[in-house]
Amino acid sequence: MNIILLGAPGAGKGTQAQFLVESLGMVQLSTGDMLREAKDSGTEMGKLVAEVMSRGDLVTDEIVIGLIKEKLDGEQGAGFIFDGFPRTLAQADALGALLKECNRDLDRVIEIQVDDTALIKRIVGRSTCGGCGQVYHDETKPWPLNGQCSICGSTDVKRRADDNEESLKQRLMEYYKKTSPLLGYYFAKGNLISINGLLSMDEVRSSLKKVLNLT
Ligand code: AMP
């Protein structure tokens, strides 16, 4: 099974993708993670995209399509979860062609719907544990008072450079201008399903299981 998780920044795509990786052994392909890795390792491409990402703009189609192509060529997994890709119509067309080349189908496109006020609250205040990736939030799930992650004990608090109000506004603008047309695109192709992302994490997970016929 190959699926796309669609939704504005902060909708919960990464969190739900993690659940599918753990429960079904699917392979998560997050272009955001790939670009952050490139940025952190200081590669030429990483240097090129660092500024674009911190502004909240989209990096070029050519770069992200190249990253996805590399992964599809090398992976034989149980199925792919595309998280944060595609984000433009050109990327969506390219993904269709790449899947066809490796004889794979796109089974579902799942939109995780949330409203903008909730998104801003979720993102500004978000942090993750550098040790295990556990997600925290200043208001709803603050770091334990002893400063150690409740899962792995690490004290490494990571905040994304683009998780601030200014970059977020630009990320939202990019989403509405360039990514939201994909909802119509996949609706017309017949594989779009929308779920309510405003519910609790467990409830969203249940909806996801339901639409993927996993219950
Ligand atoms: P994300 O982790 O998915 O929120 O992505 C973080 C940032 O990486 C975005 O704001 C973009 O700058 C860049 N990025 C991630 N995926 C894409 C993509 N498919 N197309 C263009 N830029 C992307």
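Fair warning: this is a prediction, and the values are worked out from it, not measured in the lab. (Residues numbered from 1 in each chain as written. Predicted model: local features only at pLDDT ≥ 70, side-chain atom pairs only at ≥ 80, totals over all residues. Heavy atoms only, no water.)

1. Regarding a nonpolar patch on the surface
Side chains of Met-1, Leu-24 and Leu-214 sit close together on the surface and give an oily, nonpolar patch of about 210 Å² of accessible area. By secondary structure assignment, the location of Leu-214 is in the segment after helix H9 (201-211). (Patch = residues over 30% accessible without salt bridge, like charges linked within 9 Å, V, L, I, M, F, W, Y side chains within 5 Å. Areas by Shrake-Rupley, 256 points an atom, 1.4 Å probe, with all protein chains shown as cover. Salt bridge = Lys/Arg side-chain N within 4 Å of Asp/Glu carboxyl O. Helix = DSSP H or I, 4+ residues; strand = E, 2+ residues; numbered from the N terminus.)

2. Considerations on the site of the ligand
Among the 16 residues in the neighbourhood of the ligand, the closest are listed as Thr-31, Arg-36, Asp-57, Gly-84 and Gln-91. Arg-36 places a side-chain nitrogen or oxygen 2.9 Å from an oxygen atom of the ligand. Contacts to the ligand include Asp-57, whose backbone N or O atom sits 2.6 Å from an oxygen atom. For the ligand, whose free accessible area comes to 480 Å², the fraction covered by protein is 96%. Counting residues per element, the shell around the ligand draws most heavily on helix H2 (residues 31-40), which supplies 4 residues. Its residues assigned to classes, the shell around the ligand shows 6 nonpolar, 4 polar and 6 charged. (Near = heavy atom within 4 Å. Polar contact = N/O pair within 3.5 Å; in protein donor to acceptor, adjacent residues only side chain to side chain. Nonpolar A, V, L, I, M, F, W, Y, C, P; charged D, E, K, R; others polar.)

3. Brief notes about the packing of helix H5 (residues 89-101) against helix H8 (residues 181-189)
Direction vectors running N to C along H5 and H8 enclose 35 degrees, while the axes themselves pass 10 Å from each other. Contacts between H5 and H8 involve Leu-89, Ala-92, Asp-93 and Leu-95 from the first element and Pro-181, Leu-182, Tyr-185 and Tyr-186 from the second. Grouping the amino acids of the contact of H5 with H8 by side-chain chemistry returns 7 nonpolar, no polar and 1 charged. (Axes fitted to C-alpha atoms, helices over the stretch in contact; angles between N-to-C directions. Contact = heavy atoms within 4.5 Å.)

4. Things to note about the packing of aromatic side chains
The tally for this structure, following the rule as stated, stands at 4 aromatic pairs. Ring geometry for Tyr-175 against Tyr-176: centres 5.3 Å apart, planes inclined by 80 degrees, an arrangement best described as edge-to-face. By relative accessible area, Tyr-175 is classed as buried at 8%. For the ring pair Tyr-185 and Tyr-186, a centre distance of 4.9 Å and an interplane angle of 80 degrees mean the geometry is edge-to-face. Assessed through its relative accessible area of 2%, Tyr-186 is described here as buried. (Phe/Tyr/Trp six-rings, centres within 6.5 Å; stacked < 30°, edge-to-face > 60°. Buried < 20%, exposed > 50% of the residue type's maximum accessible area, 1.4 Å probe, protein only.)

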